[in-house]
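# Coordinate analysis (summary)
The lines below spell out each chain.
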Amino acid sequence: DVYADRRVPQSLREDAVLWGECISGALYWNDFQNLAKTCGFLDPRLMKDSVITVENRKLESKLGRIKFFSATYRLWKLDGLESHCEDYGQAVIYKGTCPLSPDKFELDGHHAIEKGKVFPVCGNTWKMLHDTRFKKHFEFIGNFDTHYGIDAGCGTVIPYSSAKEAAAAGGCC
């Protein structure tokens, strides 16, 4: 699908040439994320993306600074998914049994799980593998008994600047 780094103005969305080029209908990427979550797909996973270039000066001048991307997402509608990646100390081991993926399983753009290697995962990733057709291809380590906070490995960190300052100082008080 085609996404933009900002909302495309109505005047550009109605431009027949831009529509024909498949860019004026681009959805703002964060609107897509919010729509997906509203529809019950709480943790959209980006599989791959690439920049879409507009190699036409006349069209580029109409578009201004809007950047366009082609992106493929994997969406999961599973009970118990959380809005963010939470750390429960879990991990998986890929068995190498998915067709066409004997050495590595790619769940999304930042989860490439090598065969036989213990791979730490957040609670959502654990559910995406455990509660779906992929279960038979993995060994699962851990459960949901202990919560360790947000999984920083998934791109979200605690928003409080005081938490960052305390970590940098190396002390608890």
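Reference entry: report on the structure contained in this document. (Residues numbered from 1 in each chain as written. Predicted model: local features only at pLDDT ≥ 70, side-chain atom pairs only at ≥ 80, totals over all residues. Heavy atoms only, no water.)

Turning our attention to the overall build of the chain. Of regular secondary structure, the chain possesses six helices and nine strands. Taking all 173 residues of the chain together, the buried fraction comes to 34%. For the chain, the proportion of contacts with a sequence separation of at least 24, taken over those separated by at least 6, is 69%. Looking at the chain as shown, the accessible area adds up to about 10900 Å², and 53% of this sits on carbon and sulfur atoms. (Helix = DSSP H or I, 4+ residues; strand = E, 2+ residues; numbered from the N terminus. Buried < 20%, exposed > 50% of the residue type's maximum accessible area, 1.4 Å probe, protein only. Contact = heavy atoms within 4.5 Å. Areas by Shrake-Rupley, 256 points an atom, 1.4 Å probe, with all protein chains shown as cover.)

Burial in helix α3 (residues 29-38) covers these residues: Asp31, Phe32, Gln33 and Ala36. Of the surrounding secondary structure, the elements contacted by the buried residues of α3 are β1 (2-4), β2 (27-28) and β4 (68-74). Backbone geometry just downstream of α3 places Gly40 in the positive-phi region, at approximately 100°.

As for its placement among the helices and strands, Lys95 is situated in the loop between β5 (90-94) and β6 (104-108). For Lys95 and Glu114, which are 19 residues apart along the polypeptide, the C-alpha to C-alpha distance reads 8.8 Å. Beyond its immediate sequence surroundings of up to four residues, Lys95 is in contact with Lys115, Lys136, His137, Phe138 and Glu139.

A few words on the sheet that holds strand β9 (residues 138-141). One open sheet accounts for three strands, arranged β8-β5-β9; its pairing is antiparallel. What marks the edges here is a single partner per strand, and that holds for β8 (118-121) and β9. Across the sheet, the mean angle separating the axes of adjacent strands is 30° when strand polarity is ignored. Sheet analysis places β5 next to β9, joined by four bridges and oriented antiparallel. Among the inter-strand pairings, Ile93 is bridged to a residue of β9, identified as Glu139. (Pairing = 2+ DSSP bridges. Axes fitted to C-alpha atoms, helices over the stretch in contact; angles between N-to-C directions.)

This paragraph deals with the pattern of salt bridges. A complete count under the given rule lists six salt bridges for this structure. Lys62 is paired through a salt bridge with Asp15; the nearest N and O atoms lie 2.6 Å apart. Note that Lys62 is positioned in helix α4 (residues 57-63) and Asp15 in the loop between α1 (10-13) and α2 (16-20), a separation of 47 residues in sequence. Residue Lys62 is classed as partly exposed on the basis of its relative accessible area of 36%. Among the ionic pairs, Asp43 bridges to Arg45, the shortest N-O distance being 2.9 Å. Judged by relative accessible area, which is 10%, Asp43 ranks as buried. Overall, the relative accessible area of 3% leaves Arg45 in the buried class. By sharing partners, the salt bridges in this structure join Asp43, Arg45 and Asp108 into a single network. (Salt bridge = Lys/Arg side-chain N within 4 Å of Asp/Glu carboxyl O.)

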